[in-house]
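Structural characterization, general
What follows is the residue order along each chain.
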Amino acid sequence: MHPPLPWECLRSVLGWAGLCTASLTAQSTWRSPGLLWPGASQLVFDTGLGRPLAIAQLDIVHALVADAWPRQSSIGAPSGTSPGNLSSSFDPLRDRLVVMHADASLASRRTRVWEWDRTRWTEGASQGSPPLLDATAFASCFDPVRGTILVGAPSAVSSPMGTWRWNGSTWSQLASGGPSRRNSFAIAADTARNVIVLFGGNNSAGALDDTWLFDGTNWTRVFPNTVPTLGSLNVVHMASDTVAGGVVMMSGNLVWRWNGSDWQSLPSPPESATFSSTVRNRLAFDPALGRVIHLGIDTALHSFDGSAWQPIAAASAPILDAAGIEVAWDPHHNAVMTRNALGTWHWTGTRWRAMSSTHRPGPTAQACLATDLARSRTVFFGGRDPNTNTPSVDTWEWDGSDWTLLATAHSPPPRERAAMSYHAARGELVLFGGRALTGSFALLADTWVFDGVDWTQRFPLHAPSARIQHGMADDERRGVVVLFGGATQTDTWEWDGNDWRLARASAPSPSIGGRTLAWDLVRQEIVLVGASASHEPTTFVWNGIDWLSTPAPGLVGWDVSAPLATDRARGVLVFPRIDLFAPILEYSPELDAALVALGPGCAGSSGVPRLASPTGQTPVLGTAFPLEVSQLPMTAAAIGLLGSSSTSFGGTSLPYDLAPLGAPGCLLRVSIDVETGLAASGDPRAWNIALPGAPWLCGHRIHAQVVVLDTAANAAGLSLSNALTLVLGLR
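In this text, all values refer to a predicted model and were calculated from it rather than measured experimentally. Residue indices begin from 1 for each chain and proceed along its sequence in written order. Note on the predicted model: pLDDT of at least 70 is required for a residue's local features to be given, and 80 or more for side-chain atom pairs to be given and counted; whole-chain, interface and lining totals, by contrast, use all residues. Processing note: side-chain calculations cover all non-hydrogen atoms of the structure and skip hydrogens and water entirely.

1. Focus: the overall build of the protein
A count of helical and extended segments in the protein gives one helix and 63 strands. Counting all 731 residues of the protein, 56% fall into the buried class. Across the protein, contacts joining residues at least 24 apart in sequence account for 55% of those joining residues at least 6 apart. In short, Shrake-Rupley with a 1.4 Å probe defines the accessible areas, and a residue's cover is counted only from the protein chains shown. Put simply, the protein shows about 27700 Å² of open surface, and 52% of that area lies on carbon and sulfur atoms. A run of H or I in DSSP counts as a helix once it spans at least four residues, and a run of E counts as a strand once it spans at least two, with each numbered from the N terminus. A 1.4 Å probe rolled over the protein chains alone gives each residue an accessible area, and that area as a share of the maximum for its type sets the label: buried under 20%, exposed over 50%, partly exposed in between. Pairs of residues are marked as contacts when any of their non-hydrogen atoms sit within 4.5 Å.

And the structure:
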């Protein structure tokens, strides 16, 4: 619960005179927007939902909606099963997603089956002797004739491959023997010929390129004229093609079709990167399109039209470089941005969106990225080419549409792992430290500022020690830049534009900060992601004196190489990481606006005045929030009251009974901090409240009530409307 919004803040918020000086805080927590991780998901098509599904692990399922992959409701599944040990298929007859895995926690490696009904996971029963599989040597597919088919190598090394059928309740073994024991193979149903096709994989002797067919009883090896070439990782992906017939197979970026007697080479999709060896399958058949679809490692989706791969959904994730991610705010697009050697990307809150540009910096790791808010330019500096280790002293600017290489008269020496922050109080960028990329490669302790035209080295009386991997962020409320930690340091410094001040000699507990430092618009504090004394991921906030640990539910792991960025439009902090299951986390308050009933009014000569939102809207910050009052005399004066409190006013408790004043049954329910005269006549009468687009107000409450001057109502000559509470939000 937020503290009451002080009346002087309320008047300031609504455009009245007054200075808001109170410390306003909001409860925040970490959330995952469910971004699809680009490197480890399996693809199936949900025929009932009519959408492709991507499965990262048993409790993480995404469905394609437009260009985004929102995470779906997923209740009841065990967590922690990696996608490399899963094999997924969709059963259209039973309308279930079926996922199989060999339980490595059991000595027997019993095969477990989980089924998802788009809301809840249910573990399948084990009647009929479930197979005991090697956790990395099995594959499954849906066969419309025989149901869900599983082929795998039993956990006993000497045992032959086996084939089983799962009908939703019972296992039955169909065959034993056939293909030799192997890993990373794939199977799919050739529906035109009612057979299961198996190809490839690898064993201790190397890659395998044999083709096998299963007719429901026996496996038969066939010898086609054309033998597909495997990609560099020898991983095979396969899908049925029920329209064109046969099976489509992919290994690396090489694509083949089985036509019943031979393999035919097909064009490769636009993406040339190879698949991770942990991924089971990135091919599926879309019956709505009548085409095989392919999920790229950048999460772009393409379909094969018989001659070429056509885009369905744009890439929604940049391939982030583990050697160093940079993020900053782009005021032109109201989005957090990042960049890599391939381009510039914006985070929309649900997906990454690629931006085209004529120019861009080349491959660069361990560089600095920060936004000059006064000039609306994002500045990129330093780092090195990760392929050649060539240092860079280039300064680039992003103007919202293109990158420009600036010709500055001066420049900081080449460096990596420095920190850079905008300093709003001085209208300039501040850069500190890093590791030199020439000479002795020493750690640096120099301070530079950039005014949009040139770099200037500053020589303050005091300065932090030389360091790398530190974090810096602008404390916009106090007008200083805060620097925390480094690879071996846990001290905190503040830069006022002229000198550095040691604000705290050490962190309150063993903490690793890295670059995970940013300004929280809602809390009006610096936020740090680090590790607690027990080395669990923890969030700290800086109050100008000390780092205070705050609960961090939802924060999964921590990564000192990952930065934080402030999303100034949505009032959240964005934390992109090189992480398998939660590549994006957001630190945010409760964002939802709400209109809540506070209490009833009292009757006048036309009934009880009714205060409501005529459009059903909620009080979203940055909008004109409409209210109207009805059931009042046509010519009676009406005054809207806004209050910061519903519990006290002027030392008196609320609600306040007006019966002693001659208005029996009338209760004043809001403090009278702002008064607004409504239209002189009419029923109903509009009351529009202009709410500022200030994210720091998110979660705070304003209370509203209307007093009607109705001489016929009672001895006091007034009636009151019902009272409402406006919970301010961003959506």
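2. Topic: the state of the cysteines
Only a pair of cysteine sulfur atoms within 2.5 Å qualifies as a disulfide here. The final tally for this structure, using the stated rule, is one disulfide. Between the sulfur of cysteine 602 and that of cysteine 666 lies a disulfide, 1.9 Å long from S to S. Residues cysteine 602 and cysteine 666 share a disulfide whose torsion about the S-S bond is about 95°; that sign makes it right-handed. Of the two residues, cysteine 602 sits in the loop between strand 51 (594-599) and strand 52 (610-612) while cysteine 666 sits in the loop between strand 57 (656-657) and strand 58 (667-668), which places them 64 residues apart along the sequence. Here cysteine 602 and cysteine 666 have matching classes, each one buried.

3. A word on unusual backbone geometry
A cis amide bond, omega 0°, links leucine 654 with the succeeding residue proline 655. Omega for the bond connecting aspartate 683 with proline 684 falls within 30 degrees of zero, at 5°, which places this linkage in the cis form. Mapping proline 684 onto the fold places it in the loop between strand 59 (674-677) and strand 60 (685-690). Even without being a glycine, glutamine 366 presents a positive backbone phi close to 60°. Note on placement: glutamine 366 falls in the loop between strand 30 (352-355) and strand 31 (368-372).

4. Points about the nonpolar core
Membership of the largest hydrophobic core comes to 25 residues, with the highest contact counts inside it found for Leu611, Leu627, Trp687 and Val706. If we skip the residues at most four places from it in the chain, valine 706 touches Leu611, Val629, Ala638, Ile639, Gly640, Leu678, Trp687, Ser719, Leu720 and Ser721. Formed by 17 residues, the second largest nonpolar core is a distinct cluster that contains Ala139, Leu174, Phe185 and Phe214. For our purposes a nonpolar core is just a set of buried Ala, Val, Leu, Ile, Met, Phe, Trp, Tyr and Cys residues, chained together by side-chain atoms within 4.5 Å.

5. Some details on the side chain of serine 613
Its location among the elements puts serine 613 in the loop between strand 52 and strand 53 (624-630). Within polar-contact distance, the side chain of serine 613 engages the backbone oxygen of proline 626 at 3.3 Å. Every residue in contact with serine 613, bar those within four places of it in the chain, is listed here: Leu595, Phe625, Pro626 and Leu627. Pairing of N or O atoms within 3.5 Å defines a polar contact, subject to two protein rules: one partner must be a possible hydrogen donor and the other a possible acceptor, and residues neighboring in sequence count only if both atoms are side-chain atoms.

6. Digging into the sheet that holds strand 14 (residues 195-199)
Paired strands are those between which DSSP finds at least two bridges. Sheet architecture is open: four strands sit in the order 13-14-17-18, paired in antiparallel fashion. At either margin of the open sheet sits one strand with a lone partner, and together these are strand 13 (186-190) and strand 18 (219-222). With direction set aside, neighbouring strand axes in the sheet form an average angle of 25°. One ladder, built from four bridges, connects strand 14 with strand 17 (residues 211-214); its direction is antiparallel. Within strand 17, the residue paired with valine 197 across the bridge is leucine 213. Axis geometry follows a simple rule: fit a line to the C-alpha atoms, using only the stretch in contact for helices, then measure angles between N-to-C directions, giving values from 0 to 180 degrees.

7. Side note on the confidence of the model for the protein
A low pLDDT means the predicted coordinates there should not be read in detail. A score from 0 to 100, pLDDT tells how confident the predictor is in each residue. For the protein, per-residue confidence averages 84 on the pLDDT scale, and 84% of positions sit at 70 or higher. For residues 1-8, every residue scores under 50 in pLDDT, and the model assigns this stretch 26 contacts once sequence neighbours within four places are set aside. Considering only residues more than four positions removed or in separate chains, one finds that residues 272-278, a stretch of pLDDT under 50, has 21 contacts.

8. Concerning the pattern of salt bridges
Any carboxyl oxygen of Asp or Glu within 4 Å of a side-chain nitrogen of Lys or Arg constitutes a salt bridge here. For the coordinates displayed, the defined rule picks out 22 salt bridges. Here arginine 415 and aspartate 446 are joined by a salt bridge, their closest N and O atoms 2.7 Å apart. Of this pair, arginine 415 sits in strand 35 (residues 415-416) while aspartate 446 sits in strand 38 (residues 443-450), and the two are 31 residues apart along the sequence. Look at aspartate 446 and you get buried, because its relative accessible area is 13%. A salt bridge links arginine 478 to aspartate 475; the nearest nitrogen and oxygen atoms lie 3.2 Å apart.

9. Examining the packing of aromatic side chains
When two rings of Phe, Tyr or Trp (its six-membered ring) have centres within 6.5 Å they constitute a pair, described as stacked for plane angles under 30 degrees, edge-to-face for angles over 60, and tilted for the intermediate range. In this structure the tally under the stated criterion is 15 aromatic pairs. For the ring pair tryptophan 166 and tryptophan 171, a centre distance of 5.3 Å and an interplane angle of 50° mean the geometry is tilted. Tryptophan 171 carries the same exposure label as tryptophan 166, and that label is buried. On the basis of an interplanar angle of 50° and a centroid distance of 5.2 Å, the ring pair of phenylalanine 381 and tryptophan 455 is categorised as tilted. Residue phenylalanine 381 is found in strand 32 (residues 377-381), and its partner tryptophan 455 is found in strand 39 (residues 455-458); the two are separated by 74 residues along the sequence.

10. A few points about the side chain of arginine 282
Relative to the assigned elements, arginine 282 resides in the loop between strand 22 (263-266) and strand 23 (283-286). Residue arginine 282 is classed as buried on the basis of its relative accessible area, which comes to 0%. A polar contact is formed between the side chain of arginine 282 and the backbone oxygen of glycine 296, at a distance of 2.7 Å.

11. Observations regarding the environment of threonine 299
Relative to the assigned elements, threonine 299 resides in the loop between strand 24 (291-295) and strand 25 (301-304). Separated by 14 residues in the primary sequence, threonine 299 and alanine 313 have C-alpha atoms spaced 8.4 Å apart.

12. Describing the sheet that holds strand 40 (residues 471-475)
Taken in spatial order, the four strands make up an open sheet running 40-41-42-43, and their pairing is antiparallel. Only two strands of the sheet have a single neighbouring strand rather than two, namely strand 40 and strand 43 (500-504). The mean angle between the axes of side-by-side strands here comes to 30°, regardless of whether they run parallel or antiparallel.

13. So, the environment of alanine 313
Within the secondary structure, alanine 313 sits in strand 26 (residues 309-313). Each C-alpha atom, one on alanine 313 and one on aspartate 67, is 5.1 Å from the other, the two residues being 246 residues apart in sequence. Residues contacting alanine 313, with those up to four places away along its chain left out, are Leu64, Ala66, Asp67, Ala300 and Leu301.

14. A look at the pairing of strand 36 (residues 419-423)
Judged by how many residues are buried, strand 36 sits mostly within the fold: five of five residues are covered. Here strand 36 shows no split at all, with Ala419, Ser421 and His423 on one side and Met420 and Tyr422 on the other all buried. Between strand 36 and strand 37 (residues 428-436), which pair antiparallel one after the other, the connecting turn spans four residues, and glycine 427 there sits at a positive phi close to 65°.

15. Comments concerning the environment of valine 236
Inspection of the secondary structure puts valine 236 in the loop between strand 18 and strand 19 (237-240). Separated by 35 residues in sequence, valine 236 and glycine 201 place their C-alpha atoms 6.7 Å apart.

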